[in-house]
Amino acid sequence: MNITDSSRVHAGEFQEPSLTREQMIRELTVQQDRLKVILENIPQGICFVDEEGNLAACNRTFLNLVGLAADAFEHGKPYVDVLSDSPALRDQMGSNEQPYAADYFSMVSLKTRATAEQRWFDHRVMSIVHQPLSTGGSIETFDDITESRRADARIAHVATHDALTDLPNRDLLRRQIEEALSHEIPDGCALMYIDLDRFKNVNDTLGHEIGDVLLQRVAERISQHASNCVVVARIGGDEFAVLIRQDVEHGHVSMFAERLICGLSDSYTIRGHNVVIGASIGIAIAPEDGANWAELAKHADLALYDAKSAGRGCYRFFDVAMERSVQAERALSLELQQAIGRHEFELCYQPLVNLHPQRINGFEALLRWRNPKRGIVNPGEFVPLAEELGLIAPIGEWVLRHACWRATRWPEPLRVSVNLSVAQFRANGLVDAVASALRESGLAPHRLELEITESMMLDDTQAVLSVLHRLRRMGVSIAMDDFGTGYSSLSYLKMFPFDRVKIDQSFTRGIGQRPEAEAVIWAVMGICKSLGIDSTAEGVETNAQLEFLSSAGCNEAQGYLFSRPRPEQEIERFLAAWELDESSRAALLPERDTVQGIAQEDVS
Ligand code: C2E
Ligand code: MG
Ligand code: MG
């Protein structure tokens, strides 16, 4: 029988001589071999189902995928029976609980192309394509996408979980809260923000590795406490969140918060170190404190801020008054940002009095903010805010330049003392700022003293020490301010050769009142003497205090007994009056509060 190539006949160009039967068989064999090679090299499992639903052909990958040996079936066997012999599919075929199996078998008989994704009993995931053929029957393609789905799941997990603790991250928490709020909430839900107290200290003193382990332990403890009702998430460095979805009545949530604070404050043993931290908690309850994620989160954050301001280690429920105080702070921030440009800062000066013999050694420069609406604002009210807003570096530079320039007008060797903030150490330009203040004013370096507080030594101690040494090399002296108010005062004295220690006014106030305050003063004087450090007592208001300090060996005193801080234009007059006897001095220098003094001058 001759067979003709119909396509060529159809083309009508020329007719090749007819093939012989042998040639045709050879050609068909060659084509079949090619098809086999193609089939065997396709990465997918493929099978042909004929128009009667029997398996007509398949490749090895298909057999491997369904877990059947090549001789486990004969061609011509019903396709559905072949699959039901497969260990990977057998169970699901018999089970109505696996609807996807039924889905696929109904798909096989479809007359249109269809796709499905199935998880098989051995947990592999298959992507299946059913392609009907125009001649009847179909081609079924199986693609094992288990690895790719696993990778997807890993990526999804990484995107929604914190790598260190494996807790849900802020994004997942947000979605879970949105989901919780989208339903009718019969009992409401409560969002708790937890911030660790003193975590930064641990990181700074024991290193980040221990800090990381601590965060993992904290995550475990929170999860244990919150095991039955909640989502626990890590939403920032040392910030965690807990979402409670039942029993959110205040009494119950309070008890939970108390237990949590207690649990987190128990000491941790990490690589031989005994670590103690605390926790502050802010709580907002839906729907009353917020009907959506953004509001609820903002209010939990405000409540946390309030708990931290209240001294930490406590919890607070959100209250609308908190929002008002934050708005007030925001208004203050805005005005503070404009204050430098508007020249609203000024310095007043408080004398530093040498005790034996009594004479003026110099003045401490104290910053004031003259605000058109608020009047004179004291540093206690705005310096912490300026630090938070990153404004203290430019303000501090202004203080340095202005104080150095003013001191050049005082007789030698009077010095000026300038307070530094920890943020100025972090900002990196401190040494240059001091150098240029001295250069521009022409003040001799030994007439400038810089006052730092113990809190600065907590913050990256090595970096702070290196800056202090560079300043000392310039000839500037360094004083430790508010001495005795921190935890490790004495150890700091060993770290750096301070020129002066300023005993905090709380100890001066305790003279004649609290024997322990007097004992501290004696002890500090002894240490200063043995280390050759000068001492200044702050807040001296009475002669009795002065006498005690003098007999304890204090070199210098500062306080209302001698003078309140005074506006800069009064200093020359003050120095002149100091030379006079006490009654003439009093007549020339009425003792008044500087703040009012400035205000009165303003009015006049
Ligand atoms: P400080 O450096 O310890 O300054 C002493 C504070 O005690 C001053 O408060 C002063 O007015 C007050 N004082 C002085 N003598 C007495 C007294 O006899 N009795 C009482 N009750 N108080 C007395 P002020 O001016 O409000 O300053 C408070 C703090 O603000 C300062 O404490 C200092 O830490 C900070 N500060 C002041 N000026 C600056 C500045 O230019 N930069 C920075 N970063 N901080 C500053
Ligand atoms: Mg000071
Ligand atoms: Mg002080």
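That block above? That's the structure.
What comes next concerns the included structure.

Cut-off values and rules
- Every chain begins its residue count from 1, and numbering advances along the sequence as written.
- Ligands are numbered from 1 and chains lettered from A, in the order in which they are written.
- Thresholds applied to this predicted model are a pLDDT of at least 70 for local features of residues and 80 or more for the giving and counting of side-chain atom pairs; totals over whole chains, interfaces and linings are not thresholded and use all residues.
- Hydrogens and water are ignored here; the side-chain numbers use all heavy atoms of the structure.
- Note on conventions: DSSP H or I runs of at least 4 residues are helices, E runs of at least 2 residues are strands, and numbering of each starts at the N terminus.
- The cut-offs for exposure are 20% and 50% of the maximum accessible area for each residue type, with area from a 1.4 Å probe on protein chains only; residues under the lower value are buried, those over the upper are exposed, and the others partly exposed.
- A contact between two residues is defined here by any heavy atoms of the two lying within 4.5 Å.
- Every accessible area reported is derived by Shrake-Rupley at a probe size of 1.4 Å, with residue values counting cover from the shown protein chains alone.
- Here a residue counts as near a molecule or strand whenever at least one of its heavy atoms sits within 4 Å of it.
- In protein, a polar contact requires one atom able to donate a hydrogen and another able to accept it; more generally it is a pair of N or O atoms within 3.5 Å, and residues adjacent in sequence count only if both atoms are side-chain atoms.
- Note that Gly is not counted as nonpolar here; it falls among the polar residues with everything else outside the nonpolar set of Ala, Val, Leu, Ile, Met, Phe, Trp, Tyr, Cys and Pro and the charged set of Asp, Glu, Lys and Arg.
- The pairing criterion for strands is at least two bridges between them, as found by DSSP.
- Where helices are involved, their axes are fitted lines through C-alpha atoms of the stretch in contact, as for all axes, and angles between N-to-C directions lie from 0 to 180°.
- Water is not part of the atom set, so a site may look incomplete; the donors themselves are N, O and S atoms within 2.8 Å of the metal, or 3.2 Å for Na, K and Ca.
- Cysteine sulfur pairs qualify as disulfides if the two atoms are within 2.5 Å.
- Any angle that falls under 35 degrees is termed roughly parallel, while one over 145 is termed roughly antiparallel, one within 65 to 115 roughly perpendicular, and all others oblique.
- Left-handed is the label given to a crossing in which the near helix is rotated counterclockwise from the far helix by less than a right angle, and right-handed is the label when the rotation is clockwise.

Before going further, it helps to examine the overall build of the protein chain. When you go through the protein chain residue by residue, the secondary structure sums to 26 helices and 22 strands. A total of 604 residues make up the protein chain; the buried ones form 45% of that total. Taking as baseline every contact in the protein chain between residues at least 6 positions apart, the subset at least 24 positions apart corresponds to 60%. Total accessible area on the protein chain stands at roughly 31100 Å², and carbon and sulfur atoms take up 51% of it.

Taken together, 21 residues sit near ligand 1, with E364, N419, D481, E541 and Y560 positioned nearest. Side-chain polar atom of E364 to an oxygen atom of ligand 1: 2.9 Å apart, as the coordinates give it. Here ligand 1, which alone exposes 800 Å², has 82% of that area covered by the protein. For the shell around ligand 1, the elements supplying multiple residues, two or more each, are β14 (358-371) and β18 (477-483). The leading source of residues in the shell around ligand 1 is β14, at four residues. Per-class residue counts for the shell around ligand 1 are eight nonpolar, six polar and seven charged.

One open sheet holds the five strands; their spatial order is β7-β8-β6-β11-β12, and the pairing between them is mixed. At either margin of the open sheet sits one strand with a lone partner, and together these are β7 (230-236) and β12 (315-317). Neighbour to neighbour, the strand axes of the sheet diverge by 20 degrees on average, direction disregarded. Pairing between strand β11 (residues 278-286) and β12: three bridges, direction parallel. Each bridged residue has a counterpart across the sheet, and for G282 the counterpart in β12 is R316. Here helix α8 (residues 170-182) sits on the sheet in contact with β6 (189-197), β7, β8 (239-244) and β11, set at roughly 140 degrees to β7.

Before going further, it helps to spend a moment on the coordination of the magnesium ion (ligand 2). The protein atoms that coordinate the magnesium ion (ligand 2) are E364 (OE), N419 (OD1), E451 (OE) and D481 (OD), at distances of 2.0 to 2.2 Å. Counting gaps between the donor residues of the magnesium ion (ligand 2) yields the pattern E-x54-N-x31-E-x29-D. In this structure, the magnesium ion (ligand 2) lies 4.0 Å from the magnesium ion (ligand 3), and both are coordinated by D481. In this pair, N419 sits in strand β16 (residues 415-419) while D481 sits in strand β18, placing the two residues 62 residues apart along the sequence. Judged by its relative accessible area of 5%, D481 falls in the buried class.

As enumerated under the stated definition, the model contains zero disulfides in all. Take C58: it sits in no disulfide, and the sulfur closest to it among the cysteines is that of C47, at 6.4 Å.

For any two helices packed against each other, the geometry is given by the interaxial angle and the distance between the axes. Put simply, helix α10 (residues 208-225) and helix α11 (residues 250-265) touch, their axes get as near as 10 Å, and they point 150 degrees apart. One way to sum up the angle between α10 and α11 is to call them roughly antiparallel. The element α10 and its partner α11 pack so that their crossing is right-handed. Contact with α10, carried on its side by V218, R221, I222 and H225, involves F256, R259, L260, G263 and L264 of α11 and no other residues of that element. Partitioned by chemical class, the residues of the contact of α10 with α11 number five nonpolar, two polar and two charged.

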